[in-house]
Amino acid sequence: MSIESQEPLRIHFERQLKRIQRDVLRMGALVESSCNMARQALFEGNLDAPDQIILQDKQIDRLYKQIELDCVNLIALQSPVAQDLRLLSALMQLVRDLERIGDYAKNLGEVAVRLFPYPVSPHMGQVRLMFDRCRAMLAMSLVSLSNLDAASGLEVRDKDDAVDLDYETLYTLLTQQSDVLGVVEPIVLLVLLIRHLERMADHATNIGKRVAYIVTGQR
């Protein structure tokens with residue numbers, strides 16, 4: 001094949017690759033929006049937000065499936081070089097992390113609805129702080145993805161220790177109460193809530209690590 005005939009194929013490949021990258025960032029923006037709405041539901045009493053999250057989650061799932069399919073097709077049809085293959089395989093893993101964070105945001109919206117009738121827990125301020133740490137980690141991972149910045153991608157991992165400590169502290173506070181009166185459902189829901197947050201932080205950490213792998217080739 002001549003250089004002249006190869007070049008348009010490469011241009012086409014790069015155009016398709018940029019479109020996939022744009023779709024991944026669009027998916028990330030939707031996931032971030034779902035997390036923000038979950039926060040409104042939990043801490044501001046916005047009970048319209050969970051329904052909006054459910055609708056948005058369908059968009060996230062559609063994008064996830066489309067991106068996976070586009071990556072597979074590009075790998076199968078274009079025979080990418082090693083660096084492109086690394087990018088495509090990492091993006092396929094990365095969108096799974098985004099999709100899971102979107103699912104957790106939807107679950108948090110459902111928890112907010114079930115918690116709403118109960119008195120506000122005295123631990124809610126600490127839960128809010130944990131939530132905001134997770135949100136910051138997601139935002140940082142998406143910025144690292146947008147800029148393909150390995151250093152900031154790896155910085156996300158350093159933030160995860162604080163979220164793990166939040167989880168351990170709150171889990172102990174919630175499960176070792178000895179003076180519980182009435183139903184235990186709000187305690188169970190709060191334990192579920194912090195578990196979702198801890199997992200969201202893990203997935204944000206994964207995204208940052210995958211960005212670093214795209215850039216450096218090192219796991």
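Just so you know, these numbers come straight off a predicted model, no measurement behind them.

A. A look at the packing of helix α3 (residues 82-115) against helix α4 (residues 124-147). Two elements in contact, α3 and α4, have axes separated by 13 Å at closest approach and are oriented at 155 degrees. As far as their axial angle goes, α4 and α3 are roughly antiparallel. Pair α3 / α4 crosses with left-handed handedness. Of the residues in α4, those touching α3 at Leu-91, Leu-94, Leu-98, Ile-101, Leu-108 and Leu-115 are Met-124, Phe-131, Leu-138, Leu-142 and Leu-145. A breakdown of the residues in the contact of α3 with α4 according to their chemical character gives eleven nonpolar, no polar and no charged.

B. Looking closely at the packing of aromatic side chains. Enumeration according to the criterion identifies two aromatic pairs in this entry. Geometrically, the ring pair formed by Phe-43 and Phe-131 is edge-to-face, given 5.7 Å between the ring centres and 90 degrees between the ring planes. Residue Phe-43 is located in helix α1 (residues 3-43), and its partner Phe-131 is located in helix α4; the two are separated by 88 residues in the primary sequence. A single burial state applies to Phe-43 and to Phe-131, both of which are buried. Judged by centre distance (5.8 Å) and plane angle (35 degrees), the rings of Tyr-167 and Tyr-171 are tilted. A residue pair is termed a helical-turn pair when its members lie 3 or 4 positions apart in one helix, as Tyr-167 and Tyr-171 do in helix α5 (residues 150-175) at four residues. For Tyr-171, a relative accessible area of 36% translates into the label partly exposed. We note Arg-100 situated over the ring of Tyr-104; from NZ or CZ to the ring centre the distance is 4.8 Å.

C. Focus on a negative patch on the surface. A cluster of like negative charges, contributed by Asp-149, Glu-155, Asp-158 and Asp-161, occupies part of the molecular surface. Along the polypeptide, Asp-149 turns up in the loop between α4 and α5. Residue Asp-149 is classed as partly exposed on the basis of its relative accessible area of 30%.

D. Broad picture of the environment of Leu-148. In this fold, Leu-148 is placed in the loop between α4 and α5. The exposure class assigned to Leu-148 is partly exposed, which follows from its relative accessible area of 33%. Between the C-alpha atom of Leu-148 and that of Val-211, which follows or precedes it by 63 residues, the distance is 6.3 Å. Leu-148 has contacts with Gln-21, Val-211, Ile-214 and Val-215, leaving out every residue within four places of it along the chain.

Quick notes on the rules
- Residues numbered from 1 in each chain as written.
- Predicted model: local features only at pLDDT ≥ 70, side-chain atom pairs only at ≥ 80, totals over all residues.
- Heavy atoms only, no water.
- Axes fitted to C-alpha atoms, helices over the stretch in contact; angles between N-to-C directions.
- Helix = DSSP H or I, 4+ residues; strand = E, 2+ residues; numbered from the N terminus.
- Parallel < 35°, antiparallel > 145°, perpendicular 65-115°, else oblique.
- Left-handed = near helix turned anticlockwise from the far one by under 90°.
- Contact = heavy atoms within 4.5 Å.
- Nonpolar A, V, L, I, M, F, W, Y, C, P; charged D, E, K, R; others polar.
- Phe/Tyr/Trp six-rings, centres within 6.5 Å; stacked < 30°, edge-to-face > 60°.
- Buried < 20%, exposed > 50% of the residue type's maximum accessible area, 1.4 Å probe, protein only.
- Lys NZ or Arg CZ within 6 Å of the ring centre and 35° of its normal.
- Patch = residues over 30% accessible without salt bridge, like charges linked within 9 Å, V, L, I, M, F, W, Y side chains within 5 Å.
- Areas by Shrake-Rupley, 256 points an atom, 1.4 Å probe, with all protein chains shown as cover.
- Salt bridge = Lys/Arg side-chain N within 4 Å of Asp/Glu carboxyl O.
- Lys, Arg positive; Asp, Glu negative; His and termini not counted.
- Charge placed at Lys NZ, Arg CZ, Asp CG, Glu CD.

None of the figures reported here should be taken as evidence of function without further support.
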